[in-house]
Amino acid sequence: MAIKIIQRAAVDPKFMECVLNIYRAFMMREKERAAEYPAGAKEYIKKRAPAHARILAITTVGHSQGRVGAEYELTRLRVLPYEKFMTVAHKGADGKLKKYLVGVTKPVVIKDNGKTYFLGPYAIYVPADAFDAQNSGSFHFIPTKFPQSNLRHPHHVVKNNPQGMHPLDKHASTCWGGFGPAIRVLLDIPDIPELFRLLQMYVSRYDAGSVLSFIRNLDFPTTEEA
């Protein structure tokens, strides 16, 4: 019996550089928050100690040491069900340059009522400033089959946008359902590999009782594998 080799996700060095910068910015914010904490800085640091210890290990330890450090963070990304991770800088319609952490998933397949829907890979865009702003409202889940899709996913759509508008300039609506609280925690801590793991789970699920668009109505082909 042949051994099945699982292809690991490719991680662009610029992606890891952006991850480390986000973590360093988090630690700087934590110092400011500790100084302003009503019960005192020591109490705040005690309360947030696990997150601080993890981030400090990643930003100061290059090699994998007891499942900590930047190398282990990279390993956590590579084993996720993604094809690749990269960064994208996009100049929006407002003229501002915005940087995104991007993960391209492996093909997404969803089954519902005896039917199989092949949605293909998704390019998941997470703004680098989402961790500072604690805002998941500007995430984009773009099907690579049809980037101009407006009905991108049963739980993520864009509406009333001019034809030909760049996908990242479109205003998206996302129904997070039960994922919302966990997403907020992962933006706060932060834990980027765990965040992308959860986001892949998000695009792979379908709750017919809580949809922005029924899966049968998506505006791109879903009858064939990507």
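What counts and what doesn't
Residues numbered from 1 in each chain as written. Predicted model: local features only at pLDDT ≥ 70, side-chain atom pairs only at ≥ 80, totals over all residues. Heavy atoms only, no water. Pairing = 2+ DSSP bridges. Helix = DSSP H or I, 4+ residues; strand = E, 2+ residues; numbered from the N terminus. Contact = heavy atoms within 4.5 Å. Axes fitted to C-alpha atoms, helices over the stretch in contact; angles between N-to-C directions. Parallel < 35°, antiparallel > 145°, perpendicular 65-115°, else oblique. Phe/Tyr/Trp six-rings, centres within 6.5 Å; stacked < 30°, edge-to-face > 60°. Buried < 20%, exposed > 50% of the residue type's maximum accessible area, 1.4 Å probe, protein only. Lys NZ or Arg CZ within 6 Å of the ring centre and 35° of its normal.

Q: Whenever I open this one, the sheet that holds strand β3 (residues 97-105) confuses me. Can you help?
A: Strand pairing in a sheet takes place through backbone hydrogen bonds and is either antiparallel or parallel in direction. Taken together, five strands build an open sheet; the order of strands is β1-β2-β3-β6-β7 and the sheet is mixed. Whereas interior strands pair on both sides, the edge strands pair on one side only; in this sheet they are β1 (10-11) and β7 (140-143). Along the sheet face, helix α1 (residues 13-36) touches β1, β2 (82-91) and β3 and points at about 120° away from the line of β3.

Q: I keep staring at the packing of α1 against helix α7 (residues 192-203) and nothing clicks. Help me out?
A: Think of two packed helices as two axes; the pair is described by the angle between the axes and how far apart they sit. It is at 11 Å that the axes of α1 and α7 come closest, and there the two elements cross at 115°. By the angle between their directions, the pair α1 and α7 is classed as roughly perpendicular. Mapping the contact onto sequence places Phe15, Val19, Ile22 and Tyr23 in α1 and Ile192, Pro193 and Phe196 in α7.

Q: Can you help me understand the packing of aromatic side chains in this one?
A: Each aromatic ring pair is summarised here by two numbers: the centre-to-centre distance and the angle between the ring planes. A full pass over the atoms with the stated rule returns twelve aromatic pairs. With centroids separated by 5.1 Å and ring planes inclined at 40°, the aromatic side chains of Phe141 and Tyr202 adopt a geometry described as tilted. Here the residue Phe141 occupies a position in strand β7, and Tyr202 occupies one in helix α7, the gap between them amounting to 61 residues. With respect to burial, Phe141 and Tyr202 carry one shared label: buried. Among the aromatic residues, those joined into a cluster by ring pairs are Phe139, Phe141, Trp176, Phe179 and Tyr202. The positively charged end of Arg216 is found above the aromatic ring belonging to Phe214, 4.6 Å away from the centroid.

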